[in-house]
Amino acid sequence: MTGTVFSPVPTSVPVRPVSSRRLLSGVFALLGVVMAMWGARMPAVQAAAHLSPGRLAIVLLAAAAGMVLGLQLGGRLAHRYGPARLLVGPAIIFGLSLALLGTCRTLTSLSLVAIVFGLGHGLLDVGANSAAVNLERAYQRRIMSSLHCAYSLGALAGAGLAALTAWAPYQVLFVAVGLLTATAAAAAIPLIRSAEHLDAPAQPSPAERDETPQLQRRTVWLLGFLAAACLLGEGAAADWSAVHLHTLHTSETIAAAAYAAYSAAMVVGRIFGDRLNARFGPTAVARAGAALAATGLGAGLLIGSAPAALIGWMALGLGLSTAVPSLISAAGRGGPRAVGAVAATGYLGLLLGPAAIGALASLTSLPIALALPVLLAAAVALFAHRALDPK
């Protein structure tokens, strides 16, 4: 089997740490809820602060800068102190900064708090993913896809909550969700302290040192590039799927359903991802999935009908659903710093991809610009084996 090499679990641990898995699933779900809430109510934030699109872009850039900083810093902190320590403080920062964003009314205040919000997100993301790598190794079977599924389910729940409470002022929602997030993180301190296998052993066993291959720098960069390619597709779905359907003369309801279809397909793929990886290996699953993503969305763009477009976006979500979890697992062979580097590079694709598609669309057309995620998904299919196979 290709992918992450698991070391034997010590005989003193007779059962798998199920409680730790549930705890970590909650952390991933929390990340999804908060990020979906922030994104879904963005138009209300823009209107309340009277921001032009350019000024709103400054706020989003500030959050992105804070997140990239948090990802890089988080890798170093997790390497030195263990990722479990990044599951409380950053979560509290994450929640309180969301609450503060609900009180900001100026570009300056929004930008400053957005930096802190992004910083908390980045630190928590590295902590969660690095802990997931350690927990997956202790489990002796693949669980990364199910953990990322918890994130996707949290994002769906957050988007649904934002839609159901669209009548309420976003300030109330941000403050309530933010304070609940911070409170839940503080209340989880005893659980995190007693959780098993979230941190790697201080001194790896001889079997771990001998059997776990280390990552070369070029492999880390390749993992990061492939993560960026996958997350660019996610950004394209979030920002351009509805617009794409709208250009095909669909109703607003059908257009809005495009991202929901993409997200639902990704959840389904991640539910079954661990089983597929265990049976066929993450390399084969990632390559087949990426090929499905490229073929499905590419066909939808070429056919140019609304049903074909919906199926194409679903194929993109289903095809890419297991790729990022597998890439994070592979990055775990290099430790938390490698996880942070791969995550940071990947999020650049998520953040910059939609803007790149918009620029291409202004020069050509939207269907031609959306060929970018198609080509990148094809690149994942071609090069995944070089990154995921142990060296």
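Residues numbered from 1 in each chain as written. Predicted model: local features only at pLDDT ≥ 70, side-chain atom pairs only at ≥ 80, totals over all residues. Heavy atoms only, no water.

Peer 1: Got a minute to help me understand the overall build of the chain in this structure?
Peer 2: Each helix and strand counted, the chain has 17 helices and 0 strands in total. Taking 21 Å as the expected radius of gyration for a compact globule of 391 residues, we find that the chain reaches 20 Å, a close match to that expectation. With the C-alpha coordinates of the chain rotated into their principal frame, the extents come out at 60 × 45 × 30 Å. Residue burial in the chain is summarised as follows: out of 391 residues, 54% are buried. For the chain, the share of sequence-separated contacts (at least 6 apart) that also reach a separation of at least 24 residues comes to 86%. Entry remark: accessible area of the chain is about 16800 Å², with carbon and sulfur atoms responsible for 69%. (Helix = DSSP H or I, 4+ residues; strand = E, 2+ residues; numbered from the N terminus. Rg over C-alpha atoms; globule rule 2.2 N^0.38 Å. Buried < 20%, exposed > 50% of the residue type's maximum accessible area, 1.4 Å probe, protein only. Contact = heavy atoms within 4.5 Å. Areas by Shrake-Rupley, 256 points an atom, 1.4 Å probe, with all protein chains shown as cover.)

Peer 1: Mind showing me how you'd approach helix H4 (residues 89-101) here?
Peer 2: Along an α-helix, residues three or four positions apart point the same way, because every turn accommodates 3.6 residues. End to end, H4 covers 18 Å across 13 residues, agreeing with the expected 18 Å (1.5 Å per residue, within 8%). Looking at the packing, one finds that the buried side of H4 touches helix H1 (18-40), helix H5 (107-139) and helix H7 (170-187). (Expected span 1.5 Å × (residues − 1).)

Peer 1: Please explain the confidence of the model for the chain as it appears in this structure.
Peer 2: Parts of the prediction with low pLDDT should not have their coordinates interpreted in detail. Scored by pLDDT, the chain has a mean of 87; 92% of the residues are at 70 or more. Put simply, helix H9 (residues 206-211) is where the chain has its lowest mean pLDDT, 46, and helix H12 (residues 282-303) is where it has its highest, 96. Note that residues 1-14 has pLDDT below 50 and, in this model, 42 contacts with residues that lie over four places away or in other chains. Below pLDDT 50 for its whole length, residues 207-212 participates in 10 contacts with residues either more than four positions away or in separate chains. (pLDDT = per-residue confidence, 0-100.)

Peer 1: What am I meant to see in the nonpolar core here?
Peer 2: Most often, soluble globular proteins have nonpolar side chains that are buried together. Grouped together as the largest cluster of nonpolar side chains are 108 residues, with contacts concentrated most on Leu24, Leu198, Leu223 and Trp313. In terms of residues, this core owes the most to one element, H5, which gives 13 residues. Setting aside chain neighbours within four positions, we find Leu198 in contact with Ser20, Leu23, Leu24, Pro83, Ala84, Leu87, Ala131, Asn134 and Leu135. (Core = buried A, V, L, I, M, F, W, Y, C linked by side-chain atoms within 4.5 Å.)

Peer 1: Teacher, can you tell me more about the packing of helix H6 (residues 144-164) against helix H14 (residues 323-331) here?
Peer 2: A pair of packed helices is characterised by two quantities: the angle between their axes and the separation of those axes. Running from amino to carboxyl end, H6 crosses H14 at an angle of 125°, the nearest separation of the two axes being 9 Å. Classified by the angle their axes make, H6 and H14 are oblique. Here H6 runs over H14; the crossing is right-handed. Contact with H6, carried on its side by Met144, Ser145 and His148, involves Val324, Pro325, Ile328 and Ser329 of H14 and no other residues of that element. When the residues that make up the contact of H6 with H14 are grouped by side-chain class, the tally is 4 nonpolar, 3 polar and no charged. (Axes fitted to C-alpha atoms, helices over the stretch in contact; angles between N-to-C directions. Parallel < 35°, antiparallel > 145°, perpendicular 65-115°, else oblique. Left-handed = near helix turned anticlockwise from the far one by under 90°. Nonpolar A, V, L, I, M, F, W, Y, C, P; charged D, E, K, R; others polar.)

Peer 1: Where do I start with a nonpolar patch on the surface in this structure?
Peer 2: Among the surface-exposed residues, Val268, Ile271, Phe272, Leu276, Phe280, Leu292 and Leu318 lie close enough to one another that they form a single nonpolar patch of about 610 Å² accessible area. The element that contributes the greatest number of residues to the nonpolar patch is helix H11 (residues 252-280), accounting for 5 residues. Position of Ile271 among the secondary structure elements: in helix H11. A residue is classified by how much of its surface remains accessible, and Ile271, at 46% relative accessible area, is partly exposed. (Patch = residues over 30% accessible without salt bridge, like charges linked within 9 Å, V, L, I, M, F, W, Y side chains within 5 Å. Salt bridge = Lys/Arg side-chain N within 4 Å of Asp/Glu carboxyl O.)

Peer 1: Hey, could you run me through the packing of H11 against H12 in this one?
Peer 2: At a closest axis distance of 7 Å, the pairing of H11 and H12 adopts a crossing angle of 120°. The angle between H11 and H12 falls in the class oblique. Note on element contacts: H12 touches H11 through Pro282, Ala284 and Val285, opposite Leu276, Asn277 and Phe280. Of the residues contributing to the contact of H11 with H12, the split by class is 5 nonpolar, 1 polar and no charged.

Peer 1: Explain the environment of Ala186 here, please?
Peer 2: Within the element layout of this structure, Ala186 appears in helix H7. Accessibility expressed as a relative area gives 35% for Ala186, which makes it partly exposed. Residues Ala186 and Ala91, 95 residues apart in the sequence, show an inter-C-alpha distance of 8.6 Å.

Peer 1: So what exactly am I meant to see when it comes to the side chain of Asn134 here?
Peer 2: Within the secondary structure, Asn134 is located in helix H5. Other than its neighbours up to four places away in sequence, Asn134 contacts Pro83, His197, Leu198, Asp199 and Ala200.

Peer 1: Which parts of the structure should I look at to understand the packing of aromatic side chains?
Peer 2: By the definition in use, this model includes 5 aromatic pairs. On the basis of an interplanar angle of 50° and a centroid distance of 5.5 Å, the ring pair of Trp38 and Phe117 is categorised as tilted. Of this pair, Trp38 sits in helix H1 while Phe117 sits in helix H5; the two residues are 79 residues apart in sequence, bridging distant segments of the chain. Residue class for Trp38 comes out buried when judged on its relative accessible area of 5%. Here Phe94 and Phe117 contribute two aromatic rings whose centre-to-centre distance is 4.9 Å and whose plane-to-plane angle is 25°, an arrangement assigned as stacked. (Phe/Tyr/Trp six-rings, centres within 6.5 Å; stacked < 30°, edge-to-face > 60°.)

Peer 1: Explain helix H10 (residues 217-247) here, please?
Peer 2: For H10, which comprises 31 residues, the first-to-last C-alpha distance of 43 Å matches the rise-based estimate of 45 Å (1.5 Å per residue) to within 8%. Of all the bends in H10, the greatest measures close to 55° and is centred on Trp240. Phi for His249, located one or two positions after H10, is positive at around 65°. (Bend = angle between axes of the 7 residues up to and from the residue.)

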